[in-house]
Amino acid sequence: MLEISGLGHSYGGAAPVLKGMDLKVAEGELVTIVGPSGCGKSTLLRCIAGLIAPSEGKVVLNGTAIDGVPDELAVVFQDYSRSLLPWLTVRDNVALPLRRRGANRSERREQAAEALKSVGLADAASKYPWELSGGMQQRVSIARALAYRPSFLLMDEPFGSVDAQTREDLEDLVLQVHRAQGMTILLVTHDIDESVYLGDRVVVLARNPGRIREQLQVTLPATRDQIGTRADPEFVRLRAEVGGLVRGVAH
Ligand SMILES: Nc1ncnc2c1ncn2[C@@H]1O[C@H](COP(=O)(O)OP(=O)(O)OP(=O)(O)O)[C@@H](O)[C@H]1O
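Here is a short report on the structure shown in this document. (Residues numbered from 1 in each chain as written. Predicted model: local features only at pLDDT ≥ 70, side-chain atom pairs only at ≥ 80, totals over all residues.)

**Some words on the pairing of strand β1 (residues 2-9)**
Across 5 bridges, β1 lies against strand β2 (residues 18-25) in antiparallel orientation. Paired with Glu3 across the bridge in β2 is Lys24. Two strands pair when backbone bridges link them, and β1 and strand β4 (residues 56-61) are joined in this way by 5 bridges, in the antiparallel orientation. Residue pairing for β4: Glu3 is matched across the bridge by Val60. (Pairing = 2+ DSSP bridges. Helix = DSSP H or I, 4+ residues; strand = E, 2+ residues; numbered from the N terminus.)

So this is what it looks like as structure tokens:
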């Protein structure tokens, strides 16, 4: 469980980027965060990932205040081309963080193979990242996070750099692994439809300073599909509501 309380941050004494933010994410929940450009989404994720120390407030993960990169956390970034190491095979990229878990060589290989299978890339294990399409590289990033078996997965605009069809496939992959493994996921997106399609709950941020504007429970059935769910009147209603909130229009 993640508990953020009174979180505020300003870079080098400038005007605050985040202010007075309180947020809880329950175990096994998939929460999406959406907001206008510059509202502090990436800053918030950096605070949760222990990459920066917030100027105010605290972030507690599973009962422990975060003051460095927590062991039980994995992050998937938007820029897959910079997050995979080009001189390592797909298998070795996926297995690399498992050293931190103290896994031996055969355990690392076995867990990497299993994670690659779960993202449909069992056959690509011996290839290098640059031999794969962008969507496949992002699958490798997701497999690397899954192999690590984090209790908490942070995703920062993970599908921002792939084409629309691949994006839908990857969204469904996240829902599938979330269901299968039950891990807690916090996913940041620019995309209003995506925030509703994926979320159990959508957190809408406002900017200047970055803060929580509204939180909406998504009452759609847990099993979603790209065509049926997007046509569901509840989806259409929520999308309009989130869209209005992101643009600062009251609904
Ligand atoms: N390292 C930094 N040093 C100084 N200011 C920063 C730094 N990182 C972000 N900022 C500022 O903080 C504000 C919020 O940035 P942040 O990247 O957290 O927002 P965001 O919501 O993720 O934006 P976007 O959606 O455009 O990616 C912006 O005004 C940005 O210029």
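**Description of unusual backbone geometry**
Of note, the bond from Asn208 into Pro209 is cis; its omega dihedral lies within 30 degrees of zero at -5°. Looking at where Pro209 falls in the secondary structure, it is placed in the loop between β9 (201-206) and β10 (211-217). Located in the positive-phi region is Arg149, a residue other than glycine, with phi close to 50°. The topology assignment puts Arg149 in the loop between α5 (134-147) and β7 (152-156). Positive phi is not limited to glycine here, since Asn208 has a value of about 55°. Here Asn208 shows up in the loop between β9 and β10.

**Some words on the site of the ligand**
As a matter of local geometry, the ligand sits amid Tyr11, Val17, Gly35, Ser37, Gly38, Cys39, Gly40, Lys41, Ser42 and Thr43. Within the shell around the ligand, the residues separate by chemical class into 3 nonpolar, 6 polar and 1 charged. (Near = placed C-beta within 6 Å. Nonpolar A, V, L, I, M, F, W, Y, C, P; charged D, E, K, R; others polar.)

**What about the packing of helix α4 (residues 105-118) against α5?**
Look at α4 against α5: their axes get within 8 Å of each other, and the N-to-C directions meet at 130°. With respect to their mutual orientation, α4 and α5 come out oblique. Pair α4 / α5 crosses with right-handed handedness. Between α4 and α5, the residues in contact are Gln111, Ala112, Ala115, Leu116 and Ser118 and Ala143, Leu146 and Ala147, respectively. Split by residue class, the contact of α4 with α5 holds 6 nonpolar, 2 polar and no charged. (Axes fitted to C-alpha atoms, helices over the stretch in contact; angles between N-to-C directions. Parallel < 35°, antiparallel > 145°, perpendicular 65-115°, else oblique. Left-handed = near helix turned anticlockwise from the far one by under 90°. Contact = placed C-beta atoms within 7 Å.)

**Re the environment of Arg149**
Overall, the presence of 15 C-beta atoms within 10 Å leaves Arg149 in the partly exposed class. The spatial distance from the C-alpha of Arg149 to the C-alpha of Gly182 is 11 Å, given a sequence separation of 33 residues. (Buried ≥ 20, exposed ≤ 12 C-beta atoms within 10 Å, placed from the backbone.)

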